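Residue-level structural notes
Residue strings, one per chain:
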Amino acid sequence: MRVSNFFESASRAFRDNPNLYKLIVVCTVSGGGLLGLSEIRRSSSSSSSSSSSSSGGSGTEAKKKVVVLGTGWAGTSFVKNLKSSSYEVEVVSPRNYFAFTPLLPSVTCGTVEARSVVEPIRNIVSKKGMNIEFKEAECYKIDTDKRKVYCISNQNTNLGGGQQEFSVDYDYLVIAMGARSNTFNTPGVVENCHFLKEVEDAQRIRRTVIDCFERACLPNLSEEEKKRILHFVVVGGGPTGVEFAAELHDFVIEDLARLYPNVKDLVKITLLEAGFDKRITAFAEEKFQRDGIHLKTGSMVVKVEDKHISTKERSTGVVSEIPYGMVVWSTGIGTRPVIMDFMKQIGQTNRRALATDEWLRVEGCKNVYALGDCATINQRKVMEDISVIFSKADKNGSGTLNLRDFQEVVEDICERYPQVGLYLKKRQMRDIAQLLKSSQGEKQETELDISFFKSALSEVDSQMKNLPATAQVAAQQGEYLANCFNRMEECEKNPEGPLRFRGTGRHRFRPFRGTSILGSLLHWEVNKLQLNYPGIGFQLVIAPNGSGIQCMQASKLAHKGAGGIGLGKAVHFWKGL
């Protein structure tokens, strides 16, 4: 009887207090144990309340759905920094992990294992404590009219059922799909060359290097054939190509020479680069020759066959053939097909990447953002807005400005048009007021008209520069956009951005700017500054570790040219996620 009364009381308590979900009762009866677990859902009144709010009554609004395409630096940085619970997030990517791509050249030679440079995206998502889902699939179409993205699964088809197609609705779309290797439509590149964009590429290169050495050790091969098999060619003198060449050189000298002593003297590494900066060509050649890497500049690859590369000298036009055993193609990035189709759909033709404004919004689309290697910021020119800038400063409509009127909008001008600050820095001027005074010369006028205003700022746009397609920039863009989403409602009420020169009020957010000195790579050598080429020397990785910045220098990288040309003493400062 008492037990019955107890459960009746508990039942009434749950009805009166819908926030109580679980009741665990442990009773000991005749030496045995009884465990009762009761899960009580919210009362019907609570359900009717939520249904009335969804049908338009007072209550919580439905969460906006954010779809993120990609799990690279930009997409992962966005997901990691998104803190607002106002969104339902779905991540779609053919790659179910995040890869630390700067270390891929080290993976090719075993300096770093592949498992050390990847982190499962589901592991990242599970730590967020938010409503975030992940779908391992590839987006093949974006429909902004219907607000849908169309995807296809990329799992192995031998699982049965074939590839599955599905669509995902969105309220906000974040495109962070990265880019593919740019082949420049050179014949034979796709069929015969290795790329270095993914972890699978690095592992494939590693297997091929070993295969080349094993094949060169087989009997009945001529000396020339062995030399061809052990000739490793790297096409492209960018950071990836140079770093891989240095890693491969050290791998051969330190490890493979001991394992394959009979063929170690036949190994040759060649770096082909069509457009080295003339100011560093001699320096690069000297460094590489000292380390046993052959550098061939001014040569353009016109065709790749299974055993030979055809190159054309830019100066003479002479075509020559280079025998090889393995080719790694690293000549920059190109646009993915789905992005190219999307650009045609929204009228962005004849471009290499999606054009966005300074807030990373895709031009011509609503609630669609693009960041990372698949996009580029289309910075507004000062001379395009010179008339409206003058009108904003000329509040009384007199047609002239004095410096006091101009000072009221000068901060907004510098924030909205970053090229102004770069131009002032180049001219070694403190502010725009000093620029205007210097433009007046000996004749110092108190009132400035629009013609003089145009003349003074006519050269400002010459300092416009696109941000480099690097992991650092992509990570910064992801963090910036996530912070914008976190403060969307707050900044809607209290805008914090610069003046809208072509409209009224202010922009909700400050425009994206590449952050401080740690956000880019700085490279220098002892007694020699080298800012125009990425990296000369050993690698020092700096990455945030919760409470601050943690420095890590891998011992095996300390004496290598893993970050650039040769073995010079240099430091790479890296701002990670």
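This text goes with the structure placed above it.
Here's what I pulled together on the structure shown here.

The rules behind each value
Residues numbered from 1 in each chain as written. Predicted model: local features only at pLDDT ≥ 70, side-chain atom pairs only at ≥ 80, totals over all residues. Heavy atoms only, no water. Helix = DSSP H or I, 4+ residues; strand = E, 2+ residues; numbered from the N terminus. Contact = heavy atoms within 4.5 Å. Polar contact = N/O pair within 3.5 Å; in protein donor to acceptor, adjacent residues only side chain to side chain. Axes fitted to C-alpha atoms, helices over the stretch in contact; angles between N-to-C directions. Parallel < 35°, antiparallel > 145°, perpendicular 65-115°, else oblique. Left-handed = near helix turned anticlockwise from the far one by under 90°. Nonpolar A, V, L, I, M, F, W, Y, C, P; charged D, E, K, R; others polar. Core = buried A, V, L, I, M, F, W, Y, C linked by side-chain atoms within 4.5 Å. Buried < 20%, exposed > 50% of the residue type's maximum accessible area, 1.4 Å probe, protein only.

Mapped onto the elements of the fold, Arg508 is located in the loop between helix 19 (488–493) and strand 25 (524–525). Once the C-alpha coordinates of Arg508 and Asn494 are considered, the two residues, 14 residues apart in sequence, prove to be 7.5 Å apart. Not counting chain neighbours up to four residues away, the residues in contact with Arg508 comprise Tyr369, Met488, Cys491, Glu492, Pro495, Glu496, Gly497 and Arg500. Reaching out from Arg508, the side chain makes a polar contact with the side chain of Glu492 at a distance of 3.0 Å.

Two numbers describe how helix 7 (residues 199–216) lies on helix 9 (residues 239–259): the axes approach to 13 Å, and their chain directions differ by 45°. Classified by the interaxial angle, the pair formed by helix 7 and helix 9 is oblique. In the packing of helix 7 onto helix 9, the handedness of the crossing is right-handed. Residues Ile205, Val209, Ile210 and Phe213 of helix 7 form the contact with helix 9, whose participating residues are Phe244, Leu248, Phe251, Val252 and Leu256. For the contact of helix 7 with helix 9, a count of residues per class yields nine nonpolar, no polar and no charged.

The biggest cluster of nonpolar side chains holds 77 residues, and the ones touching the most others in it are Val66, Phe78, Val209, Phe213, Leu230, Phe232 and Phe485. The biggest single contributor to this core is helix 18 (residues 471–486), with eight residues. Those residues within four positions of Leu230 in sequence are excluded, and the remaining contacts are Cys212, Phe213, Ala216, Val263, Leu266, Val267 and Lys268. Grouped together as the second largest cluster of nonpolar side chains are 26 residues, Leu401, Ile413, Leu448 and Phe453 included.

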